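As a plain string of letters, each chain reads:
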Amino acid sequence: MTALLRIDDLTVDLPAAGGTFRVLDGQRLEVEEGGILGIVGESGSGKTMLLRTIMGILPEGATRTWTAAFDGRPIDDVARLPIAMVFQDPMTSFNPLARIGTHLVEVARRHARLSRGEARRRAVEALAAVRVPDPERVFGRYPHELSGGLRQRAMIAMSLLAEPRLLLADEPTTALDATVQAEILALLRQLQAERRLTVVVVTHDLGVVAALCDTVAVMKDGAIVERGPVDDVFSQPQHPYTRSLLDAAPERGTL
Ligand SMILES: Nc1ncnc2c1ncn2[C@@H]1O[C@H](COP(=O)(O)OP(=O)(O)OP(=O)(O)O)[C@@H](O)[C@H]1O
Ligand SMILES: [Mg+2]
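Residues numbered from 1 in each chain as written. Chains lettered and ligands numbered in written order. Predicted model: local features only at pLDDT ≥ 70, side-chain atom pairs only at ≥ 80, totals over all residues. Heavy atoms only, no water.

*Asks:* Just give me the short version of the overall build of the protein chain, but keep the residues and values in it.
*Replies:* Per the secondary structure count, the protein chain includes nine helices and 10 strands. Taking 18 Å as the expected radius of gyration for a compact globule of 255 residues, we find that the protein chain reaches 18 Å, a close match to that expectation. On the principal axes, the C-alpha backbone points of the protein chain span a range of 55 × 40 × 40 Å. For the protein chain, the proportion of its 255 residues judged to be buried stands at 50%. Counted over contacts in the protein chain with a minimum sequence separation of 6, partners at least 24 positions apart contribute 68%. Accessible surface computed for the protein chain: about 12,300 Å², of which carbon and sulfur atoms make up 49%. Taking the average place of the 29 positive charges on the side chains of the protein chain and the average place of its 33 negative ones, the gap between the two points comes to 7 Å. (Helix = DSSP H or I, 4+ residues; strand = E, 2+ residues; numbered from the N terminus. Rg over C-alpha atoms; globule rule 2.2 N^0.38 Å. Buried < 20%, exposed > 50% of the residue type's maximum accessible area, 1.4 Å probe, protein only. Contact = heavy atoms within 4.5 Å. Areas by Shrake-Rupley, 256 points an atom, 1.4 Å probe, with all protein chains shown as cover. Lys, Arg positive; Asp, Glu negative; His and termini not counted. Charge placed at Lys NZ, Arg CZ, Asp CG, Glu CD.)

Rendered as structure tokens:
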């Protein structure tokens, strides 16, 4: 497999009281095309910052150095890459005063020069693609009128309208109950297969990694301490931190 995204020597500094705080330190990451990479690790280890670096949405005042390539070409402007991100809480991504359809049409039109009618058609299509029952009805709803699971589907639909090749998901199911969680994970897998998407998912749930991912990266203190095929890492963890994670998660449950 070839790497869709390759990052070397990644360092990110955030502004902190009296100076800066190094949140990612000299990291290397390869994301294989068409794969699902899971990122696990303790709270504060830099998982979200790593995704935000890839998405080009670091907090104000952050500085980043890296050597990076997307699809074999050096990256000069990360904001122009076909990458989309879904967040843990879809409410933060939606304007509560705008209908779901308004959000989707806006993304579709920003991405491609479409007439209003064509953008609307694509938006409803995207809702159907994420298996929303009755997409026309959901199109006209406000974010707070939807269940958590439907809202997460609508956010995934919104991200698909930008036609990404790489989808980043930061704890996309943590806020949902177990059944809905499983449905959203199944959806991510279906989309990955149907659209040949490459997915990077951050999760606290080793069960999610086992069920969904083919590769896993384990983070601790701003560093990826271990990375490899899920089966290898879970059966023969090399790093003491990975071993302690697995020990702390009986039957590969939640961390
Ligand atoms: N906007 C910010 N400004 C400054 N520091 C931040 C900001 N966001 C996060 N940090 C710090 O950066 C470090 C890494 O945070 P990050 O959010 O990437 O961790 P995480 O691995 O995603 O944790 P969690 O599992 O809790 O989501 C932490 O020490 C955190 O306090
Ligand atoms: Mg996080």
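*Asks:* Hey, could you go over the packing of helix H5 (residues 148–160) against helix H6 (residues 178–195) for me, with residue numbers and the actual values?
*Replies:* H6 packs onto H5 with a crossing angle of 20° between their chain directions and a minimal axis gap of 10 Å. When the axes of H5 and H6 are compared, the pair comes out roughly parallel. Here the hand of the crossing between H5 and H6 comes out right-handed. On H6, the residues that touch Gly149, Gln152, Arg153, Ile156 and Leu160 of H5 are Val180, Glu183, Ile184, Leu187, Leu188, Leu191 and Arg195. Residues that form the contact of H5 with H6 fall into these classes: seven nonpolar, two polar and three charged. (Axes fitted to C-alpha atoms, helices over the stretch in contact; angles between N-to-C directions. Parallel < 35°, antiparallel > 145°, perpendicular 65-115°, else oblique. Left-handed = near helix turned anticlockwise from the far one by under 90°. Nonpolar A, V, L, I, M, F, W, Y, C, P; charged D, E, K, R; others polar.)

*Asks:* Outline the packing of helix H2 (residues 100–111) against helix H3 (residues 116–129), listing residues and values.
*Replies:* Put simply, H2 and H3 touch, their axes get as near as 8 Å, and they point 115° apart. Seen from above, H2 lies across H3 with right-handed handedness. Counting all contacts with H2, which are made through Leu104, Val105, Ala108 and Arg109, the residues of H3 involved are Arg116, Ala119, Arg120, Ala123 and Leu127. Of the residues in the contact of H2 with H3, the class split is six nonpolar, no polar and three charged.

*Asks:* Can you tell me about the site of ligand 1, naming the residues and giving the values?
*Replies:* Lining the immediate surroundings of ligand 1 are 14 residues, of which Ser43, Gly44, Lys47, Thr48 and Met49 lie closest. One of the backbone nitrogen or oxygen atoms of Ser45 is found 3.2 Å away from an oxygen atom of ligand 1. In this structure, an oxygen atom belonging to ligand 1 sits 3.1 Å away from a main-chain N or O atom of Gly46. Coverage of ligand 1 by the protein chains reaches 63% of its 630 Å² of free accessible surface. Going through the elements one at a time, strand E2 (19–32) and helix H1 (47–55) are the ones with two or more residues in the shell around ligand 1. Top contributing element to the shell around ligand 1 by residue count: H1, with three residues. (Near = heavy atom within 4 Å. Polar contact = N/O pair within 3.5 Å; in protein donor to acceptor, adjacent residues only side chain to side chain.)

*Asks:* Outline the pattern of salt bridges, supporting the account with residue identities and numerical values.
*Replies:* Enumeration over the complete set of coordinates arrives at 18 salt bridges. Here Asp8 and Arg6 are joined by a salt bridge, their closest N and O atoms 3.1 Å apart. Among the salt bridges present, the one from Glu33 reaches Arg165, with a minimum N-O distance of 3.0 Å. Of this pair, Glu33 sits in the loop between E2 and strand E3 (36–41) while Arg165 is found in the loop between H5 and strand E7 (166–170), placing the two residues 132 residues apart along the sequence. In the salt-bridge network here, residues are joined through shared partners; they are Arg6, Asp8, Arg28 and Glu30. (Salt bridge = Lys/Arg side-chain N within 4 Å of Asp/Glu carboxyl O.)

*Asks:* Account for the nonpolar core, with residues named and values stated.
*Replies:* Generally speaking, a soluble globular protein has its nonpolar side chains buried in company with each other. Of all hydrophobic cores here, the largest spans 54 residues; its most connected members are Leu104, Leu127, Val130 and Ile156. Looking at this core element by element, the count peaks at seven residues for H5. In contact with Leu104, other than residues within four places in its own chain, are Ala123, Leu127, Ala154, Ala157, Met158 and Leu161. Membership of the second largest hydrophobic core comes to 31 residues, among which are Leu14, Val31, Ile54 and Met85. (Core = buried A, V, L, I, M, F, W, Y, C linked by side-chain atoms within 4.5 Å.)

*Asks:* So what's going on with H1? Residues and values would help.
*Replies:* Given 3.6 residues to a turn, an α-helix orients residues that are three or four positions apart in the same direction. Within the span of H1, buried status applies to Lys47, Met49, Leu50, Leu51, Thr53 and Ile54. Gly56, located one to two residues past H1, shows a positive phi value of around 75°.

*Asks:* So what's going on with the side chain of Gln181? Which residues, and what values?
*Replies:* Structurally, the position occupied by Gln181 is in helix H6. Of the polar contacts made by the side chain of Gln181, one reaches the backbone oxygen of Leu176; its length is 3.3 Å. If sequence neighbours within four positions are ignored, Gln181 has contacts with Thr173, Leu176 and Asp205.

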